[in-house]
Amino acid sequence: MKKIILILSAFLVIASSAVQAANWTNDKAHSQLMFTVKHLGISDVSGTFNDFDVNISADKADFSDAVFELTVSTASIDTRVEARNKHLKSADFFNVEQHPTMYFKSTSVKKTGKNSYRLTGNLTLHGVTRTVAMNLTYRGTVENAQSKKPTAGFQLTGVLKRSDFEVGNGFPPPMISDEVHIKADGEFLPQ
């Protein structure tokens, strides 16, 4: 009887450790990081960052305890206009030579509704670190028919102020809005 209890105990320890912290990373082919600013107060101009990695650590299946880490290559900015991309990479805006990386790490995830959260963390951009909060929607986890792996989906939305990070200070809000709307969508695979 003692042997059976020991075997069951060992099995439970192994099983519980297998359920412990799961690490997930974004599937680059099914993830995007977009931004939109208002130009001259009359139209929206959007762009993407094409080179970024997101890692998630979570113990809970609903990701309510997740820690999100985002690393972005600022040189990967793409607005579909090469002259504008070059200007955005210059010292007037992102200064990618001195600040090649944008980095975010979450400090809290607070549930705001079914599958919706307020994600707060520290964003380092252009050499400045600020606490930011965004809206996060967990879109569920399904088994990917091709990879046969679980795939989790998230959407992040929110607004940042470029002046908080000293980006484009020479361009006043009537020319380029201070508010930058962020939208990111991602699929994540366990590691």
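Quick notes on the rules
Residues numbered from 1 in each chain as written. Predicted model: local features only at pLDDT ≥ 70, side-chain atom pairs only at ≥ 80, totals over all residues. Heavy atoms only, no water. Salt bridge = Lys/Arg side-chain N within 4 Å of Asp/Glu carboxyl O. Helix = DSSP H or I, 4+ residues; strand = E, 2+ residues; numbered from the N terminus. Buried < 20%, exposed > 50% of the residue type's maximum accessible area, 1.4 Å probe, protein only. Pairing = 2+ DSSP bridges. pLDDT = per-residue confidence, 0-100. Contact = heavy atoms within 4.5 Å. Polar contact = N/O pair within 3.5 Å; in protein donor to acceptor, adjacent residues only side chain to side chain.

**Here's the deal with the pattern of salt bridges**
- In this structure the tally under the stated criterion is five salt bridges.
- With a closest N to O distance of 4.0 Å, D51 and K28 form a salt bridge. Here D51, found in the loop between β3 (43-49) and β4 (52-58), pairs with K28, found in the loop between β1 (22-26) and β2 (32-39); they are 23 residues apart in sequence, far enough to count as distant.
- Its relative accessible area of 37% is what places D51 among the partly exposed residues.
- Since its relative accessible area comes to 48%, K28 is described here as partly exposed.

**Looking at the pairing of strand β9 (residues 128-143)**
- Pairing of strand β8 (residues 116-125) with β9 involves ten bridges; the strand directions are antiparallel. If you follow G121 over to β9, its bridge partner there is V132.
- What sits between the antiparallel neighbours β8 and β9 is a turn of two residues, in which H126 has the positive phi angle 60 degrees.
- In this structure, β9 lies alongside strand β10 (residues 150-161), joined through eight bridges in antiparallel fashion. Across the sheet, the residue bridging to V142 is T151, located in β10.
- Between β9 and the antiparallel strand that follows it, β10, lie six residues; K148 among them carries a positive phi value of about 60 degrees.

**Some details on unusual backbone geometry**
- With phi around 60 degrees, L40 is a residue other than glycine that occupies positive phi space.
- Mapping L40 onto the fold places it in the loop between β2 and β3.
- Positive phi, close to 50 degrees, is recorded for N95, a residue that is not glycine.
- By the element assignment, N95 lies in the loop between α2 (82-89) and β7 (101-113).
- When its relative accessible area of 15% is taken as the criterion, N95 is described as buried.

**Considering the confidence of the model for the protein chain**
- Scored by pLDDT, the protein chain comes out at a mean of 90, with 89% of its residues at no less than 70.
- Under a pLDDT of 50 for its full length, residues 4-20 has, in the predicted model, two contacts with residues more than four places off or in other chains.

**So, the side chain of N85**
- If you trace the backbone, N85 turns up in helix α2.
- Reaching out from N85, the side chain makes a polar contact with the side chain of T79 at a distance of 2.6 Å.

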